[in-house]
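Report on the structure
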Amino acid sequence: MSKENLQYKRYYKKYFFPGSLFILILGWSIVDLGISPRLF
Amino acid sequence: MGGLKRYRGYLFPVIVLTLLLWGGAMVCRVNLAVLMEGIPHGINLIGHMFPPQWEVFSRLMGPALETVQIAFVGTVFGAILSFFISLFAASNLSPNKMLREIARGILSTERALPDLIIILLFVAIVGLGPFPGVMALAASSIGMLGKLFADTLEEVDPKPLEAMAAVGATKAQIIRYAVLPQVMPSFIANILYRFDVNIRLSIFLGVVEAGGIGFNLIMSMRLLEYKETLAAIIIILILVVICEKISDTFRKRILGQEVLR
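Residues numbered from 1 in each chain as written. Chains lettered and ligands numbered in written order. Predicted model: local features only at pLDDT ≥ 70, side-chain atom pairs only at ≥ 80, totals over all residues. Heavy atoms only, no water.

Quick notes on the overall build of chain A
- Secondary structure summary: chain A contains one helix and zero strands in total.
- Residues counted as buried form 12% of the 40 residues belonging to chain A. (Helix = DSSP H or I, 4+ residues; strand = E, 2+ residues; numbered from the N terminus. Buried < 20%, exposed > 50% of the residue type's maximum accessible area, 1.4 Å probe, protein only.)

Structure representation (C-alpha cells):
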C-alpha cells in the first residue's frame, strides 16, 4: 500500500466516527430547533 | 531572626493586599453576622425542595435536550465565525494592518459586552425561542474563541509557511496545509471548552425565555414549586456532567492526550 493511502487510512480511522457523529447531531439539532435560512 | 529576614520582601505586598481586602469588604458591606443568621433560612428553603418531584422528570427531558442543542449549534456557529475573524486578527496571516486592527477591535468589543446584554439584544431583534438563543451563544463565543484562535495562529512555526510561500503556494493553500495542522489540536480543545461554557449559558437563556430548561427552573421558583426546582437542578447537573464526559472523550480521541482533571 502506498504512503499516501496509509496516511488517508489513518485520518479516516481517526476522524470518520467523530466527524460523522458531529454532522449528524448538528443537522438533527438545526432541524429540531427549527433554524432555517428564512429566519435570517 | 535570620529566618524572618527572608520574608521582608513580602511585607509590603501583604499589607497592601490586606488593606485592599478590608476596603473592599467595607464597600461591599460584608457582614458575617448576617450570613450566620441567614443560614437557617437557607436550610429551611433546601428542606422545602426535598424530595424532588420525580414525576416532572419526563416532562423536563425535552427542555433539557433543547438546552444542549442550543449550546451545541451556538458553539459550532460561533467557532466557524471566530475562525474567519481570527484569520484577519492574526498578525502573521492578516492581509493588512488596518484589517487586523478592525478584527481585533470587533473581538475586544464583543468580549467587553456582558453575555446577558448580547442575549437580550438578540431576543429584542428576533423574538423569543431557541433561535435567538443560538445566535446569542454564537455571538458571545466569537469574542473568546476569536482571540484564542488569533493568538494560537500567531504562534505557529513560520518555517512551513515560508517554505510553502517560496514554492508558490496561495494563501489558502498555506492556511490549509501549513497552518491548520499545527493549530487544529489547540482549536479543538478551545471549542470543546467553549461548549462547556455555553451549556451553562444556555441554561441561563431560559431566564429570558429564549428556550431550554432554565425557563422551567425560573418558573418553578416563581410559583414556589421548590420540589420541581430541585428536579430541574438535578437534571441540569446530570446534563453538565454528561456533556463534560463526552467532550473529554472526544478530546482524548482526537488529541490523544490525558485531560487535566
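Some details on the overall build of chain B
- Helix and strand content of chain B: 11 helices and zero strands.
- Secondary structure elements of chain B occur, N-terminal to C-terminal, as α-α-α-α-α-α-α-α-α-α-α.
- For the C-alpha atoms alone, the extent of chain B along its principal axes is close to 75 × 65 × 40 Å.
- By the burial criterion, 40% of the 261 residues in chain B qualify as buried.
- Once local pairs closer than 6 in sequence are excluded, the contacts in chain B between residues at least 24 apart make up 75%.
- Side-chain charges in chain B split into 22 positive and 18 negative, and the spacing between the mean points of these groups amounts to 8 Å. (Contact = heavy atoms within 4.5 Å. Lys, Arg positive; Asp, Glu negative; His and termini not counted. Charge placed at Lys NZ, Arg CZ, Asp CG, Glu CD.)

Thoughts on the packing of aromatic side chains
Residues and elements named next belong to chain B.
- As enumerated under the stated definition, the model contains six aromatic pairs over all chains in all.
- With a centroid separation of 5.5 Å and 65° between ring planes, the pair formed by Phe83 and Phe84 is classed as edge-to-face.
- With a relative accessible area of 18%, Phe83 lands in the buried category.
- With a relative accessible area of 48%, Phe84 lands in the partly exposed category.
- Ring geometry for Phe83 versus Phe187: centroids 6.1 Å apart, planes at 75°, classification edge-to-face. With Phe83 in helix H4 (residues 57-89) and Phe187 in helix H9 (residues 171-205), this pair connects stretches of sequence that are 104 residues apart.
- The exposure class of Phe187 is buried, given its relative accessible area of 4%. (Phe/Tyr/Trp six-rings, centres within 6.5 Å; stacked < 30°, edge-to-face > 60°.)

Section: the pattern of salt bridges
Residue and element names in this part refer to chain B.
- Under the counting rule described, the total for this entry stands at eight salt bridges over all chains.
- A salt bridge links Glu228 to Arg59; its shortest N-O distance comes to 3.2 Å. Of this pair, Glu228 sits in helix H11 (residues 226-255) while Arg59 sits in helix H4, and the two are 169 residues apart along the sequence.
- Judged by its relative accessible area of 13%, Glu228 is buried.
- Since its relative accessible area comes to 47%, Arg59 is described here as partly exposed. (Salt bridge = Lys/Arg side-chain N within 4 Å of Asp/Glu carboxyl O.)

Concerning the nonpolar core
All names here are of chain B.
- Of all hydrophobic cores here, the largest spans 38 residues; its most connected members are Leu60, Phe195, Ile199 and Ile213.
- Each residue touching Phe195, except ones within four places of it in the same chain, is listed here: Val68, Ala71, Phe72, Thr75 and Cys243.
- Membership of the second largest hydrophobic core comes to 18 residues, among which are Ala79, Leu87, Ala90 and Phe149. (Core = buried A, V, L, I, M, F, W, Y, C linked by side-chain atoms within 4.5 Å.)

A word on the packing of helix H8 (residues 158-166) of chain B against H9(B)
Residues and elements named next belong to chain B.
- Their axes nearest at 9 Å, the elements H8 and H9 cross at an angle of 165°. One way to sum up the angle between H8 and H9 is to call them roughly antiparallel. Relative to H9, H8 is oriented so that their crossing is right-handed. Here Pro160, Leu161, Met164 and Ala165 of H8 come into contact with H9, specifically with Gln173, Ile174, Tyr177, Ala178, Val179 and Gln182.
- Broken down by class, the residue content of the contact of H8 with H9 amounts to eight nonpolar, two polar and no charged. (Axes fitted to C-alpha atoms, helices over the stretch in contact; angles between N-to-C directions. Parallel < 35°, antiparallel > 145°, perpendicular 65-115°, else oblique. Left-handed = near helix turned anticlockwise from the far one by under 90°. Nonpolar A, V, L, I, M, F, W, Y, C, P; charged D, E, K, R; others polar.)

What about the interface of chain B and chain A?
- Between chain B and chain A, the contact holds 15 residues from the first and 17 residues from the second.
- Carbon and sulfur atoms make up 81% of the area that chain B and chain A hide from each other, which totals about 1,500 Å².
- A per-residue breakdown of the area chain B buries against chain A is headed by B:Gln69, B:Phe72 and B:Phe131, which together make up 38% of the total.
- The interface formed by chain B and chain A contains zero salt bridges.
- Those elements that place two or more of their residues in the side of chain B that touches chain A are H4, helix H7 (130-154) and H11 of chain B.
- Counting residues per element, the side of chain B that touches chain A draws most heavily on H4(B), which supplies eight residues. (Buried area = accessible area lost by both parts, 1.4 Å probe.)

Focus: H8(B)
- The N-cap of H8(B), judged by a side-chain oxygen 3.3 Å from the amide nitrogen of B:Lys159 a few residues on, is B:Asp157.
- Count one or two residues on from H8(B) and you reach B:Gly168, which has phi positive near 95°. (Polar contact = N/O pair within 3.5 Å; in protein donor to acceptor, adjacent residues only side chain to side chain.)

Topic: the side chain of B:Asn216
All names here are of chain B.
- Within the secondary structure, Asn216 is located in helix H10 (residues 213-222).
- Residue classification places Asn216 among the buried residues on the basis of a relative accessible area of 14%.
- If near-sequence neighbours (up to four positions away) are discounted, Asn216 is found in contact with Arg59, Leu60 and Pro63.

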